[in-house]
Amino acid sequence: MFICCNALKETVEDLRVYISYDDRYREYYIETTDPVVIYVIKYCPWCSKKLPENLTDEWFKALETEYGLDDPDSKEQQNLVPNEFKTDEWWKKRGY
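Basis of the calculations
Residues numbered from 1 in each chain as written. Predicted model: local features only at pLDDT ≥ 70, side-chain atom pairs only at ≥ 80, totals over all residues. Heavy atoms only, no water. Helix = DSSP H or I, 4+ residues; strand = E, 2+ residues; numbered from the N terminus. Buried < 20%, exposed > 50% of the residue type's maximum accessible area, 1.4 Å probe, protein only. Contact = heavy atoms within 4.5 Å. Pairing = 2+ DSSP bridges.

A. Expanded view of the overall build of the protein. The helix and strand tally for the protein stands at three helices and three strands. Helices (α) and strands (β) of the protein occur, in sequence order from the N terminus, as α-β-β-β-α-α. Along the first, second and third principal axes, the C-alpha atoms of the protein reach 40 × 35 × 15 Å. Buried positions account for 33% of the 96 residues belonging to the protein. Contacts spanning at least 24 positions in sequence make up 40% of the contacts within the protein whose residues lie at least 6 apart.

If you want it as structure tokens, here you go:
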């Protein structure tokens, strides 16, 4: 996880706040609950540093290219997603 300042670190760790980090996609986001909507954050709200590009598109492309999974979020394919793609291991291994 890229941490640019203590304020971002503390906020992501605070379960009361809806700013989160998804290591699969290397993505920071704000989540709402009614309806569930995710807003991707590209800059730190506190120190204004640019956050790393998220890898959502690359995650889907790698699963389709390497494993033939064209809909890894579907009920049929979820169990076929390799464990490395459930963490940041997949993108670190590929040098992103």
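B. Spotlight on the pairing of strand β2 (residues 27-33). In this structure, strand β1 (residues 19-22) lies alongside β2, joined through four bridges in antiparallel fashion. Residue pairing for β2: Y21 is matched across the bridge by Y28. Linking two consecutive strands that pair antiparallel, namely β1 and β2, is a turn of four residues; a positive phi of about 50° is found at R26 within it. The pairing of β2 with strand β3 (residues 36-41) spans six bridges and is antiparallel. For E31, the partnering residue across the bridge sits in β3 and is I38. Between the end of β2 and the start of β3, which pair antiparallel, lie two residues.

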